[in-house]
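Secondary and tertiary structure notes
One-letter residues, chain by chain:
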Amino acid sequence: MKVSFIGLGIMGKPMSRNLLKAGYQLKVFDLNREAVEEAALYGAETAENCAEAVEGCDVCITMLPNSPDVRAAVLGENGIVKGAKKGMVLIDMSSIDPTESRAIGQILKEHEIEMMDAPVSGGEPKAVDGTLSVMAGGRKETFEQYYEMLSVMAGSFVYVGELGAGNIAKLANQIIVAINIAAVSEAFTLVRKAGGDPSLVYQAIRGGLAGSTVMDAKVPMMLERNFKPGFRIELHAKDLNNALNAGHSVHASLPLTSQMMEMMQSLKAYGLEKEDHASLLKYYEKISAVEL
């Protein structure tokens, strides 16, 4: 099976590398030529644009920042649709607006190209070790056909419905993660402000009902003041914006998501948009005049 992989950023780079390690023949493209050249060192064939990247490929995986990037890669000048053969499958693993997934999928259908949306959760560490959580939308038969290939990159790979359903699940995930990080930040700011020891409180509560994967992933980072991005503030803000847009389109009220968006905008104003979303702690440190 010849696979095209477009998007070699903080997530796409390790994901593509895992496919190469598993023996898949890979043809790659990214606007960042250094990333393309690095992929070549690991055995990938390289392309000069998206159309060239999919020539002769059975399946194409895209891992791009947002909806406009996916639309440009698929339908723009030298886009995927220009080079793909009939019957090719596009698996978009980007996190984008589900309404855009469906719109792009409808255009691809006219060109006899099938599309799945399969966004991921887990950040860079899980992309590196191949244990991402994937939420897939599209035809069930296509999900089953590519399950083994996608499992190389994921520890959990779940079918959630028709095209667009994957990104709906991802938006739900991103709302929950953002609010959870904020709750952890708020609670541990209180601990520090009230004279408690955050590291001891963390050990005391992590095994109870308050414990969570988010707490175990982010509190150690906060305590070490390690805000190196596994998932950047600016990308989480992008996801929340997509959630708000999707919510408005179906008349769903998302008050907590709106508040989270405003908090992240404050962090962007502080110049912290490139930091990990654990930097939500810094919002609370700023308004409470304390450092964890």
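To start, this report covers the structure provided alongside it. (Residues numbered from 1 in each chain as written. Predicted model: local features only at pLDDT ≥ 70, side-chain atom pairs only at ≥ 80, totals over all residues. Heavy atoms only, no water.)

Examining the nonpolar core
The biggest cluster of nonpolar side chains holds 34 residues, and the ones touching the most others in it are F5, M15, I61, I91, M93, M149 and L150. If sequence neighbours within four positions are ignored, M93 has contacts with M15, I61, T62, M63, A118, P119, V120, V134, L150 and M153. F188, A237, L240 and L267 belong to the second-largest nonpolar core, a separate cluster that totals 33 residues. (Core = buried A, V, L, I, M, F, W, Y, C linked by side-chain atoms within 4.5 Å. Buried < 20%, exposed > 50% of the residue type's maximum accessible area, 1.4 Å probe, protein only. Contact = heavy atoms within 4.5 Å.)

Description of empty space enclosed by the protein
Within this structure, the stated rule accounts for one cavity of 30 Å³ or more. Its volume calculated, the largest cavity comes out at about 60 Å³. For the lining of the largest cavity, the secondary structure elements donating two or more residues are α1 (12-21) and α2 (33-41). Per element, the largest residue contribution to the lining of the largest cavity is four residues, and it comes from α1. Tallied by class, the residues present in the lining of the largest cavity amount to five nonpolar, one polar and three charged. (1 Å grid on protein atoms, 1.4 Å probe; cavity = no way out; pocket = protein on both sides within 12 Å on 5 of 7 lines; lining within 4 Å. Points joined across faces, edges and corners; volume = space filled by probe spheres on them. Helix = DSSP H or I, 4+ residues; strand = E, 2+ residues; numbered from the N terminus. Nonpolar A, V, L, I, M, F, W, Y, C, P; charged D, E, K, R; others polar.)

Points about the layout of surface pockets
Of the volumes computed, that of the second largest pocket is approximately 270 Å³. Contributing elements (two or more residues each) for the lining of the second largest pocket: α6 (98-110) and β6 (114-117). Ranked by the residues each element gives to the lining of the second largest pocket, the list is headed by α6, at four residues. Of the residues assigned to the lining of the second largest pocket, the class counts are three nonpolar, three polar and five charged.

Overview of α6
Residues three or four positions apart in an α-helix share a direction because the helix packs 3.6 residues into each turn. Taking 1.5 Å per residue, 13 residues should reach 18 Å; α6 reaches 19 Å between its end C-alpha atoms and fits that length. Within α6, the full set of buried residues consists of P98, E100, S101, I104, G105 and L108. Along the long axis of α6, the arc covered by the buried residues comes to 150 degrees, so they all point the same way. On its buried face, α6 sits against α4 (67-75), α5 (80-83), β5 (89-92), β6, α10 (165-193) and α13 (233-249). (Expected span 1.5 Å × (residues − 1). Arc of directions from axis to C-beta.)

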